[in-house]
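Tertiary structure, described
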4 protein chains.
Amino acid sequence: MESPKINFASDNYAGVHPAVMQAMVEVNQGPAVAYGGDEYTAAAIQQFKQHLGDTAEVFFVFNGTGANVSALCAMTQSHEAVICAEKAHIQVDECGAPEKIAGCKLLLVPDIQGKITIEGMQAQLQRIGDQHHVQARVVSISQSTEYGTVYTLNELQELAAFAKEHGLYVHMDGARLANAAASLQTDLKTIVDAAGVDVLSFGGTKNGMMLGEAVVFFTPLLAKSFLYMRKQNMQLASKMRFISAQFQALLSNDLSLKNARHANAMAQYLAQGLGKINSIQITHPVHANAIFAIMPPALIEKLHTRYHFHVWDERLSEVRLMTSFNTQPEEIDAFVRDIIE
Amino acid sequence: MESPKINFASDNYAGVHPAVMQAMVEVNQGPAVAYGGDEYTAAAIQQFKQHLGDTAEVFFVFNGTGANVSALCAMTQSHEAVICAEKAHIQVDECGAPEKIAGCKLLLVPDIQGKITIEGMQAQLQRIGDQHHVQARVVSISQSTEYGTVYTLNELQELAAFAKEHGLYVHMDGARLANAAASLQTDLKTIVDAAGVDVLSFGGTKNGMMLGEAVVFFTPLLAKSFLYMRKQNMQLASKMRFISAQFQALLSNDLSLKNARHANAMAQYLAQGLGKINSIQITHPVHANAIFAIMPPALIEKLHTRYHFHVWDERLSEVRLMTSFNTQPEEIDAFVRDIIE
Amino acid sequence: MESPKINFASDNYAGVHPAVMQAMVEVNQGPAVAYGGDEYTAAAIQQFKQHLGDTAEVFFVFNGTGANVSALCAMTQSHEAVICAEKAHIQVDECGAPEKIAGCKLLLVPDIQGKITIEGMQAQLQRIGDQHHVQARVVSISQSTEYGTVYTLNELQELAAFAKEHGLYVHMDGARLANAAASLQTDLKTIVDAAGVDVLSFGGTKNGMMLGEAVVFFTPLLAKSFLYMRKQNMQLASKMRFISAQFQALLSNDLSLKNARHANAMAQYLAQGLGKINSIQITHPVHANAIFAIMPPALIEKLHTRYHFHVWDERLSEVRLMTSFNTQPEEIDAFVRDIIE
Amino acid sequence: MESPKINFASDNYAGVHPAVMQAMVEVNQGPAVAYGGDEYTAAAIQQFKQHLGDTAEVFFVFNGTGANVSALCAMTQSHEAVICAEKAHIQVDECGAPEKIAGCKLLLVPDIQGKITIEGMQAQLQRIGDQHHVQARVVSISQSTEYGTVYTLNELQELAAFAKEHGLYVHMDGARLANAAASLQTDLKTIVDAAGVDVLSFGGTKNGMMLGEAVVFFTPLLAKSFLYMRKQNMQLASKMRFISAQFQALLSNDLSLKNARHANAMAQYLAQGLGKINSIQITHPVHANAIFAIMPPALIEKLHTRYHFHVWDERLSEVRLMTSFNTQPEEIDAFVRDIIE
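Residues numbered from 1 in each chain as written. Chains lettered and ligands numbered in written order. Predicted model: local features only at pLDDT ≥ 70, side-chain atom pairs only at ≥ 80, totals over all residues. Heavy atoms only, no water.

The extent of an interface is frequently quoted as the accessible surface area lost upon association of the parts. The interface of chain B with chain D comprises 19 residues on the first partner and 19 residues on the second. Both sides together, the interface formed by chain B and chain D hides about 1,700 Å², and carbon and sulfur atoms give 51% of it. It is B:His79, B:Gln131 and B:Tyr228 that lose the most area in chain B upon contact with chain D, and together they represent 42% of the buried surface on that side. Here chain B and chain D share zero salt bridges between them. Run the count over chain B and chain D and you get six residue pairs in polar contact (both at pLDDT 80 or more). Among the elements that make up the side of chain B that touches chain D, the one with the highest residue count is helix α11 (residues 226-232) of chain B (six residues). Residues of the side of chain B that touches chain D, tallied by class, amount to five nonpolar, 11 polar and three charged. (Contact = heavy atoms within 4.5 Å. Buried area = accessible area lost by both parts, 1.4 Å probe. Salt bridge = Lys/Arg side-chain N within 4 Å of Asp/Glu carboxyl O. Polar contact = N/O pair within 3.5 Å; in protein donor to acceptor, adjacent residues only side chain to side chain. Helix = DSSP H or I, 4+ residues; strand = E, 2+ residues; numbered from the N terminus. Nonpolar A, V, L, I, M, F, W, Y, C, P; charged D, E, K, R; others polar.)

Every contact between the two is made by 48 residues of chain A and, on the other side, 48 residues of chain B. Taking both sides of the interface into account, the surface hidden between chain A and chain B amounts to around 4,100 Å²; carbon and sulfur atoms contribute 61%. At the surface where chain A touches chain B, the tally comes to 34 residue pairs in polar contact (both at pLDDT 80 or more). Contributions of two or more residues to the side of chain A that touches chain B are made by α1 (18-27), α3 (64-75), α5 (97-102), α11 (226-232) and α12 (241-251) of chain A. Top element by residues in the side of chain A that touches chain B is α3(A). It accounts for four residues. Considering only residue class, the side of chain A that touches chain B consists of 24 nonpolar, 16 polar and eight charged.

Residue and element names in this part refer to chain A. Per the domain assignment, the segments making up chain A are domain 1 (6-13 + 255-340) and domain 2 (18-250). Together domain 1 and domain 2 conceal approximately 1,900 Å² of surface at their shared face, both sides included; 53% is due to carbon and sulfur atoms. A per-residue breakdown of the area domain 1 buries against domain 2 is headed by Leu-255, Ser-256 and His-287, which together make up 26% of the total. Inspection of the region where domain 1 meets domain 2 yields one salt bridge. Asp-11 serves as the salt-bridge partner of Arg-176, at 2.7 Å between the closest nitrogen and oxygen. Those elements that place two or more of their residues in the side of domain 1 that touches domain 2 are α13 (255-275), β10 (290-294) and β13 (318-322). Grouping the constituent residues of the side of domain 1 that touches domain 2 by class yields 12 nonpolar, eight polar and three charged. (Domains from an automatic or database assignment.)

Time to look at the pairing of strand β12 (residues 310-313) of chain B. Residues and elements named next belong to chain B. As paired strands, β12 and strand β13 (residues 318-322) are joined by three bridges and run antiparallel to one another. Of the residues in β13, the one forming a bridge with His-310 is Arg-320. Between β12 and the antiparallel strand that follows it, β13, lie four residues; Ser-317 among them carries a positive phi value of about 60 degrees. (Pairing = 2+ DSSP bridges.)

A few words now on the packing of helix α8 (residues 177-184) of chain D against helix α13 (residues 255-275) of chain D. Residues and elements named next belong to chain D. In the contact formed by α8 and α13, the axes pass within 8 Å of each other and the chain directions differ by 75 degrees. Put simply, α8 runs roughly perpendicular to α13. Between α8, through Ala-178, Asn-179, Ala-181, Ala-182 and Ser-183, and α13, the contact on the second element is made entirely by Ser-256, Leu-257, Ala-260, Arg-261, Ala-263 and Asn-264. Across the contact of α8 with α13, the residue classes break down as six nonpolar, four polar and one charged. (Axes fitted to C-alpha atoms, helices over the stretch in contact; angles between N-to-C directions. Parallel < 35°, antiparallel > 145°, perpendicular 65-115°, else oblique.)

Let's shift gears to the relation of the copies chain A and chain B. With an RMSD of 0.0 Å, chain A superimposes on chain B once it is rotated by 180 degrees and translated 0.0 Å along the axis. Viewed as a symmetry operation, the transformation between the two copies matches a two-fold axis. Here 100% of the interface residues in chain A have copies in chain B that are interface residues too; the copies meet face to matching face. (Least-squares fit on C-alpha atoms with pLDDT ≥ 70 in both.)

Turning our eyes to something else, we now look at the pattern of salt bridges. Here the structure, examined in full by the defined rule, presents 36 salt bridges over all chains. Taking the shortest distance from any N to any O, the salt bridge between A:Lys115 and A:Glu155 comes out at 2.8 Å. One end of the pair, A:Lys115, is in the loop between β4 (105-109) and α6 (118-124); the other, A:Glu155, is in helix α7 (residues 153-165), and 40 residues separate them in sequence. Overall, A:Glu155 belongs to the partly exposed group, its relative accessible area being 30%. Through salt bridges that share partners, A:Asp93, D:Arg127 and D:Asp130 make up one connected network. (Buried < 20%, exposed > 50% of the residue type's maximum accessible area, 1.4 Å probe, protein only.)

All buried positions along helix α1 (residues 18-27) of chain B are accounted for by B:Val20, B:Met21, B:Ala23, B:Met24 and B:Val27. Buried residues in α1(B), looked at end-on, bunch into an arc of 155 degrees, giving them a common side. In this structure, the buried side of α1(B) is in contact with α1 and α12 of chain A together with α2 (39-52), α12 (241-251) and α13 (255-275) of chain B. (Arc of directions from axis to C-beta.)

Residue and element names in this part refer to chain B. By the element assignment, Asn-264 lies in helix α13. Judged by its relative accessible area of 7%, Asn-264 falls in the buried class. A polar contact of 2.9 Å, which involves the side chain of Asn-264, links it to the backbone oxygen of Asn-179. For Asn-264, the contacting residues outside a window of four places in its chain are Asn-179, Ala-182, Ser-183, His-287, Ala-288 and Asn-289.

The structure is reproduced here in structure tokens:
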């Protein structure tokens, strides 16, 4: 029998961390109040507050699109707009959900290595007060970015200052925030504070959970109606304890950070391996758990027989390789060996 | 330490059936293609087809609101309308999600014991072709109903004939379809066929799963764009195998039906117990796993110290008692005893 | 050649009052700043303030649906709901625009003679704070009502007190507010004040204009983003002076009230005529410019050959007869004569 | 008293052509069936068919945003997308109405002199069949463009061929289609046919009307539900005869084309005048009735005391000058003289 392909396609191809799975099994004892009224959810929220501050307001949802779009619903009216990178997940990978659900326009900024720039934001701050034009209200940044790069704390502070100066709320798509924290060797709160985040989408799924994301509000006013928005956006889990238990496991014993560190380390290890190969050119700095690389089409074809990974840009013959909490060094060794041979 | 309250509040308070949990643990082996491209999802869909026919098109989503609203998105344009019972879940328990997300109006029909009537539907079929008025396009029925009653096959056939005659699509909210099948001592397909269902929301969560519902299309044309709608409605699970595995467990070895039969039997047992008590009046026929009963306010207050259950209508002092796959006879005995004493 | 049918169908069948038409011709002199930046618009807004108070904020839109729905957009978030009469125009005659555009649910109240009741409102004030249920935020009343009845000032005060007590905003659909004012022998402001109106849709079209309605805010907070909402809702006229000029004419020399008084008087005259005929039964009090009456189907058929009017309820053989600013006594005489003969 | 400023700001600053105004006065005779059931509307639609072909289906709406957005509603589902120029009116001047009302995303293409390119369209045709990404379904082009340029028939044919090949519907924003026809010295149908237009927004307002646009369908399937969409999008005029009469006037005696020719000729005359001035640089070809030019900031300031016109790009000191059906040669002479002196 053929052995299954090795995964460098996505941290979504990874399974569930055993400690997270164990936590779900453990809370499966007797009944619990539905829709988040249970003690496990209360405890998981408490744990979030320990990481992110007592005033953080925390809501669990199903997936990343649900987190991002619901956050934007809370931050905008439909005539307002969201500034984001032109390759942001909310722009290119959510099938128009922000427009359909929040009703608002995304204003695109060319990115540098996946990062938004002050100049780009500035260019979209136009026609303020003009009734014919959408009014920029939010800047949404991804940390780490779609290209596996990580904003430095300094860069975040500059963005935050600009946003505050221009009356923009800051949304952070933190589907891989743990990877960014591991990369910066800091904690979640330091990143969130540096960026002056008003609303955070914190990702559990890619960090080792089965499913589940958190929408975390640092600006209480924006959270005012979020209970209803979550329900109306079809993101309210009835047996919520099973999402909460996962977050409890993830936020205990530094599991989130450990998973992220491992994934990042595997990316570095893979980058080292690829770096030695002349026919391969890594196209973005490797800060977190993604590697983008140009490789010959014939090589891609050969590798695809044994490995899952995505061709990112067909024209350039550029691929994306993702590592995860359960990527094994042997898998990387095999991958590099298969390239060289 | 205080023992936890016994649950008659909701089948959502119940945990996960052990076989379902086991299935999730078992598929947590190595990587799997994300977003439903995995073999477990393919297998679960195949299993659905065995139950519901080869031409059924099956899509997994997160929750009941997601299933219902996405189904309605596929069945309507925003100027069209959905006829439903005035106490239907889509009307009273989804925080306006159908209006917000599908954009369409619900046309309400007074129900008899939770069931919609032909006369009620007829009354909403008005102003056809009048540009000022929404155009009825869908009838949505819940099987079993919000009141725990079950449409007979004969009733479903009559509704279906009426719908077909008037060009209405049929949506079935089957959050508790297994309970209806158990009640009617038939299988899912017989019910679906009798009702001429175009799109079904099939409920896993209340039937013993952790989370997960299926949107099943019997009219292929309506499924055409559903892949995109699911994503745009924020209902696409990345690690979908963990929803699929649950459905596989549920649809294997008759587990779905067994769970439903148990829940229904417990409801009958509870109804018998309550039926002997003079001060309590059961207000709806008990077909599935819900009991509605009027009881003295003082009794409600006393019982609430040991049992979870909802007051349904404060004015009437009417409560709702739900049983589930893991309701125990001893819990019912205790409840009845506590009433009598 | 056949003479055209006489109009009792709608005040929308009427043409434009000559003074209004004249005003449009007069402002057609040279260029004027577009989109409401012109002097005529400034003057018309000033005139509104004279009638409705200095703090009123006034925005012109194209039509009644545009006024009502845009007003509701300004008053609600999509998880909030609007309490209204089950026969309200926003419910039955706007093709689902409130649901599609504002995203919110309408909560229906059975009306008495077209009027909403405190008891009906009370019944819809349920599940406050429950995330599963839409939250009532607005009560919308029509003055005069769909049935041509007019709330007394006392009734309005009671509704307003109830709304205030329960944190509901008051929207008034004043498509025929002038007729109500004429009926109550008072001015617009007295009505608006009595009802504690937060946002008013003031109708110009049925009052003798070609087209144009005003959305008037008495609660400044709600007007904050309305400039953008009007544009986004496709209700911003580029050559706005031609709407403004109509309003100026209408609000000058008491034209609005005179038109309304005439229409109301014609309705009274018609009611008197019909009242003497045994086979006809007037079904609602005639306060403004509408008469609802049951008449034999054969008579309806005969009258339809010479007169425009709508059958309101086919089952009851009930018709609606509307008068307008240019209904002539002779037309009524002819109508009554044609019935009698 | 100060004389009013001369208008080069917009064809929306212009008033109403006398023949159009006269037509409105003339139809103000007695009652007419509301909502488009009148004879004037039937006649105006007939006239459109004479210009655009018998199979064209014609619907009148209030304004350009209403026409464009309603057309897009008819052409897309919310997960589909509209390819357009990055400076298209629907992108930059409609306050996000397409996203709010049609729910769909706009995919932006850099323009050359206001014109979309095949290469730009090609670049947006990506990830077809990928559930995570919006699916391009429509290309929307403006004729004449935002920059006053006009696609040649040849260019339109190439775009149409590309669109057809890739399954894209073609929407034409014809707010200034008459100017394009005048520029190309051809008729409306030739342009529409060359571009393979499925749905046309035909502009009356800028062409000399008071208000009113037409949505014209050449692909009957797309028109199927448009009656309801127009109403739901708040674009249905009750006293529609007054819009219809305007269109009748406009489409009679070549008035539309005459108005456009005059406006274009005035633009040419102005361009000639400006072309002789060294300090002024015209930045786009002058095909229709707009001129874009870079001029010294001090000059702009001086001219603004006597003339209305918009600064288009502050950074570049670029202004937009629009001519209209009632621009007078003397106004241009004065403008040029004021520059030179």
